[in-house]
Amino acid sequence: MAKPFARVLLELADADPRVCAVSCDCRGFIAPLAEQFPQRAIEIGIAEQNLIGIAAGLAVRGKIPFAIGMNPFVTMRCFEQVRTDLGYGARNVKVIGAYGGGVVYGGWGCTHHAIEEMALMRLIPTMTVVMPADAWETEQAVRAAAIREGPFYISLARGAAVVEQPEEARSFELGKAVLLREGDAATIIGVGPTVADALRAGDLLESQGIAARILEMHTVKPIDREAILRAAEETPVIVTIEEHTVIGGLGGAVAEVLAEAGAGTPLKRIGLQDVFAVMSGSQQDLKSRYGITAEAVVKEILHPSGAGAHHKDTKNTKLRGVP
Amino acid sequence: MCGVPGQQNRNELIAELEEKARRIRVLVVKMAGMSDCHTGGALSMADILAVLYFRILTLDPRNPQWSGRDYFILSKGHCVPSLDAALAMRGFFPEETLTTHLERDSMISGHACARLTPGIDVSTGSLGHGLSIGVGCALGIKMDREPNRVFVVLGDGELQEGSNWEAVMAAAHHRLDNLVAIVDRNWYQTGATEEMMRLEPLADKWASFGWSVLTIDGHDVAAIVDTLESVPFEQGRPSVVIANTVKGKGVSFIETRHMARFDEAQLRAALHELGA
């Protein structure tokens, strides 16, 4: 997403002299800005702690800095700087996980997987956490980040458009889930690259005559409680799918909303089940080995596993007749 | 202007600043008489703060957020009591506030807190954060093409945090001559710094990273004034002052101590040593 991000960054910088960027060895993301406004595009080398500290200092001076680094490193190596200098410091800094989160790095190894980014960034008071699904949404998220005062994390999308609607029909509002498909037999909630898996699961169910509701939860914090609770009321089961650890990420956030509201709707969280994805192979290979697939979603809806399977609401009348 | 009155004015200025430093120490000691306090490191930098707040920094206590101000960052945030004292004396808030140290809803905090205390630009307490923030602030000022400066006071033990050296590298690379680091070299953390993790040759380390370095006696007020009035030491380079100090300076019986809370007799003795 270097290109759409860099284009919007330049557009924002052109409109507002406070907008600037600090890059942690992510030159491609600031190159157009550097060409036009060299003083406002700062390369600081491979040093995440310094990246966040410098961004905080720029914000002390009233700037709106975008601090750009690789997802696992910019959320973990400098977690304390993000928490203390940006969160506690209440700084208007936009942290950008540049090359994709979750297990997008596939066989390049667990050092480069950002399976904890959602949980970690969500932990920080006042932090907004967004993971767009594709280029179009990335542009909207970056624009929204510049406008919203306070610390902000974006895990940039990677890959082609996943949302099937034409651009003019799409909308992006922070904290608002996107209803991709209407349905009442189940709700599938995806984030980032797993929106594609959610849509495919929807196709598979549709081929069996089952209409699943599909929500894209690009804003993991603050999460769209209303959309979740509406889904809990109107559909008998909710399945979340993410490439992250299910602890504290999208699944964790949805679980918190459901539990606190006393919704009682069965929830299945698909994602990494408290394990590292240790294997060689592509992103898809990892996802299929660790059960982060459209098929896994379908299986959970048709043949629920775990404690939820015994819940009263699993007598899913919408599925009657399905073997 | 002829030399003699100039010299006399200078002597008066130094005497005035020495009195300010003594007053900061008295206020810190009184705080340590009421509550737990990182007294040692607060006292070691009292002379540096007196010179900064009463001679060097461009500030407006009635408008702490004034964009024309020089920025000050206390990276050794646990030593905030002497900064609180300097800010109160400079008029950012009433001196009586200092009697509320660590009390419920006080506007001063156990570690420097920008969200509670007027005049504090950056919240600190976790070591190794302040210099990077100073680098960012100095870069922002350069973007604005403004003359403001950024002063960061660091502890010496704090320099064991690797993040400092990322910031040291970046400041030199970006030629930030509007950034001044002052190392309160009091030689002690919870124990002797050189025994716990050697920093020497400390001036060489900064110089080899591209900073312009001066080493001074951090209790010689005239030397602190001369040094800080001459920044930047070189165009195009950040400046660092290694100020050799004594931890607990001014109260002989707590020298080298990290934390000290005084009982009544100790408080009397400490104030007596400070001529109060």
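Everything here concerns the structure above.
Small disclaimer: the values here were computed from a predicted structure and weren't measured.

About the thresholds
- Within every chain, residues take consecutive numbers counted from 1 along the sequence as written.
- Lettering for chains starts from A, numbering for ligands starts from 1, and both go in the order in which the items are written.
- Given that the model is predicted, a residue must reach a pLDDT of at least 70 before its local features are reported, and side-chain atom pairs must reach 80 or more before they are shown or counted; all residues, however, enter totals for whole chains, interfaces and linings.
- Only hydrogens and water are set aside when side-chain values are computed; all heavy atoms of the structure are taken into account.
- Under the DSSP-based scheme used, a helix requires at least four consecutive residues in state H or I and a strand at least two consecutive residues in state E, with every element numbered from the N terminus.
- We compute the radius of gyration from the C-alpha atoms alone; for a globule the expected value is 2.2 Å times N to the 0.38, where N is the number of residues.
- Only protein chains enter the accessibility calculation, which uses a 1.4 Å probe; a residue is then buried when its area is under 20% of its type maximum, exposed when over 50%, and partly exposed in between.
- Contacts are assigned to residue pairs with any non-hydrogen atoms lying within 4.5 Å of each other.
- For accessible areas, the Shrake-Rupley method is used with a probe of radius 1.4 Å. Any residue's cover is judged against the shown protein chains and nothing else.
- Residues counted as positive are Lys and Arg, residues counted as negative are Asp and Glu, and His and the chain ends are not counted.
- Charge positions are represented by NZ for Lys, CZ for Arg, CG for Asp and CD for Glu.
- We call two strands paired when DSSP finds no fewer than two bridges between them.
- Fitted lines through C-alpha atoms serve as axes, helices being fitted only where they are in contact, and the angles separating the N-to-C directions of these axes extend from 0 to 180 degrees.
- Put simply, angles under 35 degrees are roughly parallel, angles over 145 are roughly antiparallel, angles from 65 to 115 are roughly perpendicular, and the rest are oblique.
- In this scheme the crossing of two helices becomes right-handed for a clockwise turn of the near helix relative to the far one and left-handed for an anticlockwise turn of less than a right angle.
- Classification convention: Asp, Glu, Lys, Arg as charged; Ala, Val, Leu, Ile, Met, Phe, Trp, Tyr, Cys, Pro as nonpolar; all other residues, Gly among them, as polar.

Now for the overall build of chain A. Assigned secondary structure in chain A consists of twelve helices and twelve strands. Relative to the compact-globule value of 20 Å for 323 residues, chain A shows a C-alpha radius of gyration of 20 Å, a close match. Oriented by its inertia axes, the alpha-carbon framework of chain A measures out at about 65 × 40 × 35 Å. Across the 323 residues that make up chain A, the buried fraction comes to 60%. Summarising the internal contacts of chain A: among those between residues at least 6 apart in sequence, 74% fall at separations of at least 24. In the structure as shown, chain A presents an accessible area of about 12,500 Å², 53% of it carried by carbon and sulfur atoms. Positive and negative charge centroids in chain A, built from 32 and 38 side chains respectively, lie 3 Å apart.

Residue P222(A) is reached from K221(A) by a cis peptide bond, and omega for that bond is -5°. Tracing the backbone through its elements, the reader meets P222(A) in the loop between β10 (219-221) and α9 (225-234). Each neighbour pair has its own omega, and for V231(B) with P232(B) the value is -5°, a cis peptide bond. Although it is not a glycine, T126(A) sits at a positive phi angle of roughly 75°. Look at D274(A): it is not a glycine, yet its phi comes out positive at around 60°.

The next subject is the sheet that holds strand β11 (residues 238-245) of chain A. All names here are of chain A. Overall, mixed pairing links the five strands, which are arranged β7-β9-β8-β11-β12 in an open sheet. Of all the strands in the sheet, the pair left with one neighbour each is β7 (178-181) and β12 (267-272). Geometrically, the sheet is characterised by an average inter-axis angle of 25° between neighbouring strands, direction not taken into account. In the sheet, β7 pairs with strand β9 (residues 212-216) via three bridges, with the strands oriented antiparallel. Bridge pairing in β9 links R181 to I214. Against the sheet, helix α10 (residues 250-261) engages β8 (186-190), β11 and β12, with an angle of about 140° to β11.

Let us now look at the pairing of strand β3 (residues 64-69) of chain A. Residues and elements named next belong to chain A. Summarising burial for β3: six of the six residues are buried, a large majority. Residues of β3 alternate between two faces, with I64, F66 and I68 on one and P65, A67 and G69 on the opposite face, all of them buried. In the sheet, strand β1 (residues 19-23) pairs with β3 via five bridges, with the strands oriented parallel. In the strand pairing of β3, V19 is matched with I64. Where β3 meets strand β4 (residues 94-97), four bridges bridge the pair, whose relative direction is parallel. Bridge assignment links G69 to a residue of β4, and that residue is G97.

Direction vectors running N to C along helix α3 (residues 48-60) of chain A and helix α6 (residues 163-173) of chain B enclose 65°, while the axes themselves pass 8 Å from each other. The angle between the axes of α3(A) and α6(B) places the two elements in the roughly perpendicular class. For the crossing formed where α3(A) meets α6(B), the hand is right-handed. On α6(B), the residues touching E48(A), Q49(A), N50(A) and I54(A) of α3(A) are S163(B), E166(B), A167(B) and A170(B). Residues that form the contact of α3(A) with α6(B) fall into these classes: three nonpolar, three polar and two charged.

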